[in-house]
Amino acid sequence: MRKDVRILLVGEPKVGKTSLIMSLVSEEFPDEVPLRAEEITIPADVTPERVPTHIVDYSEAEQSEEQLYQEISKANVICIVYSVNNKKSIEKVTSHWIPLINDRTDKDSRVPLILVGNKSDLVEHSSMETILPIMNQYQDIETCVECSAKNLKNISELFYYAQKAVLHPTGPLYCPEEKELKPSCIKALTRIFKVSDLDNDGILNDNELNFFQRTCFNTPLAPQALEDVKNVVRRNMNDGVKDNGLTLKGFLFLHTLFIQRGRHETTWTVLRRFGYDDDLELTQEYLFPIIKIPPDCTTELNHNAYLFLQSVFDKHDKDRDCALSPDEVKDLFKVFPYMPWGPDVNNTVCTNDQGWLTYQGYLSQWTLTTYLDVQRSLEYLGYLGYSIIYEQESQAAAITVTRNKCIDLQKKQTQRSVFRCNVLGARGSGKTGFLQAFLGRNLQRQRRIREDHKSLYAISTTYVYGQEKYLLLHEVMPDFDFLLDSDLACDVVCLVYDVNNPCSFEYAAKVYKQYFIDSKTPCVFIAAKSELHEVRQHYSLSPHDFCRKHKLHPPQLFTCNSPDAPSKDIYTRLTTMAMYPHVAQADLKNSTFWLRASVGATVFAVLGFAMYRALLKQRGYYYIYTAAESAQLRREWVKHLWKAMQLSTSGVTHNENICTDICSEVEREESCAEPCGPTKGPNDQNTAFQISKDFQRTEPFSNKGDYDHPQPDRKPAGPEIHYDVPSAVLRKLPNYCTGKYN
């Protein structure tokens with residue numbers, strides 16, 4: 001919407017142009033009228049649309065034609081004034097003034113015109129019969145107003161309509177000859193309908209109509225008002241209402257009706273609320289809100305953004321198969337002016353067996369776009385209506401700007417969720433295969449990818465210590481002499497070489513020594529195509545010796561030539577290294593470091609559980625479980641402790657014997673009908689039960705609802721046996737001491 005409005009009054013001499021302006025300002029007819037009134041500015045707070053309005057008078061006696069042309073070029077709307085009792089002034093409207101104005105304005109940006117019939121107090125008849133043919137002949141004429149400067153009749157209305165013609169023009173919306181909405185207006189309103197159709201069923205139900213009403217006009221519609229609107233549509237078209245909801249045709253009909261009845265402001269209010277400007281294009285302010293990103297910071301979607309994108313996915317996943325077919329993707333992007341995702345997207349994120357975007361792949365692509373080009377992500381969210389549906393000031397509310405990476409290093413922790421790994425290597429070393437393997441594709445599936453559909457990026461989720469993180473792999477084109485800053489800026493580096501190519505390792509080694517030897521960025525060498533015969537590399541040091549010399553991990557063997565989906569262990573390791581770059585490389589490659597970490601995590605978990613039980617004891621609470629509940633607790637407890645020992649990373653020598661012993665212990669205890677025999681309650685009736693040292697079992701209270709609190713006066717009743725949280729299955733864990741819990 002314009003920030004101000006400039007109104008120019010033109011017409012033959014003595015038709016009352018100056019009188020109209022002075023009557024508006026003084027609210028009375030002037031005794032003496034000057035040849036020309038000075039430019040007047042009406043403040044925003046006294047105008048209906050809250051926009052400052054400038055009113056400019058033209059006098060042929062005081063101004064030249066050149067000055068007139070300048071004023072025409074600056075005007076937002078022009079009022080052509082004629083006298084209703086002077087036929088010659090009416091004729092001049094078409095013979096002189098309209099052609100003059102059209103000659104001085106661009107054809108594509110014509111100024112709206114208002115015909116003003118002054119001195120209506122001098123005649124008893126109306127001039128509308130003469131004016132209507134003129135209005136039908138010229139599309140630029142917005143309306144005609146008959147008024148009287150002497151009687152103050154319709155003076156305020158005149159300038160209101162002039163202001164309205166600028167702020168709510170008919171031209172972009174409606175074609176008077178065809179009596180229908182223009183294509184650009186239909187396109188904009190169709191997008192608004194689809195955004196408001198929250199369940200994507202093709203109709204706006206009462207809830208969606210009320211949401212739309214609140215969004216645009218800050219007030220809901222009463223139930224009767226909703227019915228009245230639908231009844232108006234029903235009376236005028238057959239398919240405007242379906243299943244008691246408003247269809248797209250009915251929605252477009254209502255706006256056509258608004259415009260035909262002179263209520264352009266209703267349609268314009270809707271359009272502007274959804275981000276459109278006077279040319280029915282989404283504004284730059286709407287699509288690209290300002291967001292400040294300090295150096296060395298990244299951008300991610302926040303929780304609300306992911307919830308919104310999830311709702312969009314669910315809205316278009318009509319067959320509920322957790323994947324978007326090509327038709328469903330097209331339907332999702334109908335609110336876009338272009339197709340934002342190309343065929344390379346299917347080779348950037350996870351897809352199902354049919355090559356369709358999965359839910360995880362869909363979110364991954366949004367994460368990738370936000371990380372690499374946040375402005376593009378803001379634009380896409382704008383098309384989908386994020387700020388409108390979530391009632392936010394702009395799409396910027398969906399973005400989290402992470403803190404500086406240097407601060408993460410200092411604090412030795414990060415809150416980021418997306419980590420970038422640049423993959424470098426000589427041509428043919430296996431970089432593309434490494435990226436595609438991250439998406440679960442073996443070599444056989446990779447061979448089916450068309451060359452023009454390949455992607456330099458791959459993104460998916462990994463789990464580090466139970467936390468879901470995104471790992472973004474970027475294949476850097478092999479050009480040793482021209483690596484850009486963007487090729488070097490990342491969280492972890494993968495240097496890939498082909499074990500079967502004797503010249504492959506040299507490139508990776510030179511890149512490391514040139515760009516990363518003094519960097520704090522963690523680096524890993526990947527020995528790709530490990531299923532092939534390993535040959536001696538034409539380099540002064542073998543890959544293992546090179547890594548040992550520079551205190552790096554030994555080269556990690558990797559292959560994607562397998563019948564099943566490739567292993568993701570290496571990608572979990574890369575994510576872990578990106579999350580914890582402060583950990584020394586020497587420690588990272590040392591298995592004892594991970595063993596110490598695993599034992600520490602285990603001891604921490606056990607001590608935490610013991611403290612929890614001690615607190616319960618102090619408060620007088622006891623938790624007793626049935627045999628089935630106890631078995632489930634055993635399984636969950638062992639699973640979490642074993643996860644803590646594995647730490648979701650490589651560099652740990654997995655002790656399969658410990659794992660086998662623990663699982664065997666669980667299975668043995670679950671299969672044993674009487675693990676250690678029932679215990680007898682003591683003679684002292686004030687003690688509710690006693691727990692054995694090896695396997696806690698008690699006789700129950702008669703009322704299971706009382707188990708949370710000890711009841712000294714109750715006697716054991718019922719044959720059912722209940723078990724407390726087991727400890728025997730944990731004895732084989734390091735440093736674990738069995739205690740007596742009561």
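Residues numbered from 1 in each chain as written. Predicted model: local features only at pLDDT ≥ 70, side-chain atom pairs only at ≥ 80, totals over all residues. Heavy atoms only, no water.

- The name that an unreviewed UniProt entry assigns to the protein chain is Mitochondrial Rho GTPase, with the source organism given as Knipowitschia caucasica.
- Under the heading Sequence similarities (unreviewed entry), UniProt records this for the protein chain: "Belongs to the mitochondrial Rho GTPase family."
- Of the comments in the UniProt record for the protein chain, the one headed Subcellular location (unreviewed entry) reads "Mitochondrion outer membrane". (UniProt positions renumbered as here; feature names shortened; annotations may be inferred.)

### A few points about the pattern of salt bridges
When the charged atoms of two side chains lie near each other, side chains of opposite charge can form a pair.
Thought 1: The full count for this structure, using the stated rule, is 22 salt bridges.
Thought 2: A salt bridge links Arg6 to Glu39; the shortest N-O distance between them is 3.2 Å. Separated by 33 residues along the polypeptide, Arg6 in strand 1 (residues 5-11) and Glu39 in the loop between helix 1 (17-26) and strand 2 (40-42) bring together distant segments of the chain.
Thought 3: Overall, Arg6 belongs to the buried group, its relative accessible area being 14%.
Thought 4: Classification of Glu39 as partly exposed rests on a relative accessible area of 41%.
Thought 5: Between Asp545 and Arg548 there is a salt bridge whose closest N-O contact spans 2.7 Å. Pair noted here: Asp545 and Arg548 are both in helix 22 (residues 543-549), with a separation of 3 residues, about one helical turn.
Thought 6: The class of Arg548 is exposed, set by a relative accessible area of 54%. (Salt bridge = Lys/Arg side-chain N within 4 Å of Asp/Glu carboxyl O. Helix = DSSP H or I, 4+ residues; strand = E, 2+ residues; numbered from the N terminus. Buried < 20%, exposed > 50% of the residue type's maximum accessible area, 1.4 Å probe, protein only.)

### So, helix 9 (residues 248-260)
Thought 1: The first and last C-alpha atoms of helix 9 sit 18 Å apart over 13 residues, in line with the 18 Å expected at 1.5 Å per residue.
Thought 2: Extensive coverage of helix 9 is indicated by the burial of 10 of its 13 residues.
Thought 3: Within the span of helix 9, buried status applies to Gly250, Phe251, Leu252, Phe253, Leu254, His255, Thr256, Leu257, Phe258 and Ile259. (Expected span 1.5 Å × (residues − 1).)

### Let's talk about the layout of surface pockets
Empty space left among the atoms is revealed by rolling a probe the size of a water molecule over them.
Thought 1: If you add up the space inside the largest pocket, you get close to 1,400 Å³.
Thought 2: Lining the largest pocket are 46 residues, with Gln139, Glu142, Pro169, Thr170 and Gly171 sitting closest to its centre.
Thought 3: Going through the elements one at a time, helix 2 (65-74), helix 4 (128-137), strand 6 (141-146), helix 5 (155-167) and helix 9 are the ones with two or more residues in the lining of the largest pocket.
Thought 4: For the lining of the largest pocket, the element with the highest residue contribution is helix 5, accounting for 4 residues.
Thought 5: Its residues placed into classes, the lining of the largest pocket shows 17 nonpolar, 14 polar and 15 charged. (1 Å grid on protein atoms, 1.4 Å probe; cavity = no way out; pocket = protein on both sides within 12 Å on 5 of 7 lines; lining within 4 Å. Points joined across faces, edges and corners; volume = space filled by probe spheres on them. Nonpolar A, V, L, I, M, F, W, Y, C, P; charged D, E, K, R; others polar.)

### Details of the sheet that holds strand 10 (residues 241-242)
Backbone-to-backbone hydrogen bonds pair the strands of a sheet. The strands run either parallel or antiparallel.
Thought 1: Spatial ordering of the open sheet is given by 9-11-10, a layout of 3 strands whose pairing is antiparallel. Edge positions in the open sheet fall to strand 9 (203-204) and strand 10, since each of these has one partner strand only.
Thought 2: Note: strand 10 against strand 11 (residues 245-247), 2 bridges, orientation antiparallel. Looking at the pairing, Val241 lines up with Leu246 of strand 11. (Pairing = 2+ DSSP bridges.)

### Examining the UniProt feature "domain: EF-hand" (unreviewed entry) in the protein chain
Thought 1: Following the UniProt record, one finds the feature "domain: EF-hand" (unreviewed entry) at residues 304-339.
Thought 2: Across residues 304-339, helical content stands at 56% and strand content at 6%; the span's end C-alpha atoms are separated by 24 Å.

### Digging into the environment of Gly425
Thought 1: In this structure, Gly425 sits in strand 16 (residues 418-425).
Thought 2: Note on Gly425: relative accessible area 0%, which makes it buried.
Thought 3: Those residues in contact with Gly425, other than ones at most four positions away along the chain, are Lys431, Pro478, Val496 and Tyr507. (Contact = heavy atoms within 4.5 Å.)

### Regarding the packing of aromatic side chains
Thought 1: Going through the model one piece at a time under the given rule, you end up with 32 aromatic pairs.
Thought 2: Aromatic side chains Trp341 and Trp366 sit 6.1 Å apart centroid to centroid with 65° between the ring planes, which places their arrangement in the edge-to-face category. Taken together, the residues Trp341 in the loop between helix 13 (326-332) and strand 14 (357-358) and Trp366 in helix 14 (residues 359-372) connect sequence positions 25 residues apart. The same class applies to Trp341 and to Trp366, which are both buried.
Thought 3: A ring pair is formed by Tyr512 and Phe546, whose centres lie 5.9 Å apart and whose planes are at 80°; its orientation type is edge-to-face. Of this pair, Tyr512 sits in helix 21 (residues 504-516) while Phe546 sits in helix 22, and the two are 34 residues apart along the sequence.
Thought 4: With a relative accessible area of 4%, Tyr512 lands in the buried category.
Thought 5: The structure contains a cluster of three or more aromatic residues connected by ring pairs, namely Phe313, Phe333, Phe336, Tyr338, Trp341, Tyr359, Tyr362, Trp366, Tyr380 and Tyr383.
Thought 6: In this arrangement the basic side chain of Arg104 is found over the ring face of Tyr69, its NZ or CZ atom lying 3.7 Å from the centre. (Phe/Tyr/Trp six-rings, centres within 6.5 Å; stacked < 30°, edge-to-face > 60°. Lys NZ or Arg CZ within 6 Å of the ring centre and 35° of its normal.)

### Structural notes on the nonpolar core
Thought 1: Counting 71 residues, the largest nonpolar core has Ile192, Leu271, Phe274, Leu309, Tyr362, Trp366 and Leu384 as the members making the most contacts within it.
Thought 2: Per-element accounting of this core gives the leading share, 7 residues, to helix 9. (Core = buried A, V, L, I, M, F, W, Y, C linked by side-chain atoms within 4.5 Å.)

### What about helix 7 (residues 206-217)?
Thought 1: The first and last C-alpha atoms of helix 7 sit 16 Å apart over 12 residues, in line with the 16 Å expected at 1.5 Å per residue.
Thought 2: Two or three places before Asn207, at the opening of helix 7, Asn205 has a side-chain oxygen 3.1 Å from that residue's backbone nitrogen.
Thought 3: Asn218 lies just past helix 7 and shows a positive phi near 60°. (Polar contact = N/O pair within 3.5 Å; in protein donor to acceptor, adjacent residues only side chain to side chain.)

### Some thoughts on the pairing of strand 18 (residues 467-475)
Thought 1: By the criterion of burial, strand 18 is predominantly enclosed, with 7 of the 9 residues buried.
Thought 2: Relative to strand 18, strand 16 is paired through 6 bridges, and the arrangement is parallel. Along strand 18, the bridge assignment pairs Arg420 with Leu472.
Thought 3: The sheet contact formed by strand 17 (residues 457-464) and strand 18 spans 8 bridges and is antiparallel. Its bridge partner being in strand 18, Thr462 is matched across the sheet by Lys469.

### Details of the pairing of strand 5 (residues 113-118)
Thought 1: Of all 6 residues making up strand 5, 6 are buried, and the element is well covered by its neighbours.
Thought 2: Here strand 5 shows no split at all, with Leu113, Leu115 and Gly117 on one side and Ile114, Val116 and Asn118 on the other all buried.
Thought 3: As paired elements, strand 4 (residues 77-83) and strand 5 share 6 bridges and run parallel to each other. Paired with Ser83 across the two strands is Asn118, which belongs to strand 5.
Thought 4: The sheet contact formed by strand 5 and strand 6 spans 5 bridges and is parallel. Bridge assignment links Gly117 to a residue of strand 6, and that residue is Glu146.
Thought 5: Where the polypeptide runs from strand 5 across helix 4 and back to strand 6, its parallel neighbour, the crossover connection is right-handed. (Right-handed = clockwise from strand over helix to strand, strands pointing away.)

### Re the sheet that holds strand 17
Thought 1: Reading across the sheet, the 6 strands line up as 17-18-16-19-20-21 and stay open at both edges, with mixed pairing between neighbours. The strands lining the two open edges of the sheet, one partner per strand, are strand 17 and strand 21 (556-557).

### Points about the state of the cysteines
Joining two cysteines, a disulfide is a covalent bond between their sulfur atoms.
Thought 1: Inspection of the entire model under this criterion finds 0 disulfides.
Thought 2: With no disulfide of its own, Cys490 has Cys421 as its nearest cysteine by sulfur position, at a separation of 6.7 Å. (Disulfide = S-S within 2.5 Å.)

### A closer look at the environment of Ile98
Thought 1: Inspection of the secondary structure assignment puts Ile98 in helix 3 (residues 87-103).
Thought 2: Judged by relative accessible area, which is 1%, Ile98 ranks as buried.
Thought 3: In the structure, Ile98 is positioned 18 residues away from Ile80 in sequence and 8.4 Å away in space, judged by C-alpha atoms.
Thought 4: Other than its neighbours up to four places away in sequence, Ile98 contacts Ile80, Val93, Leu113, Ile134, Tyr138 and Ile141.

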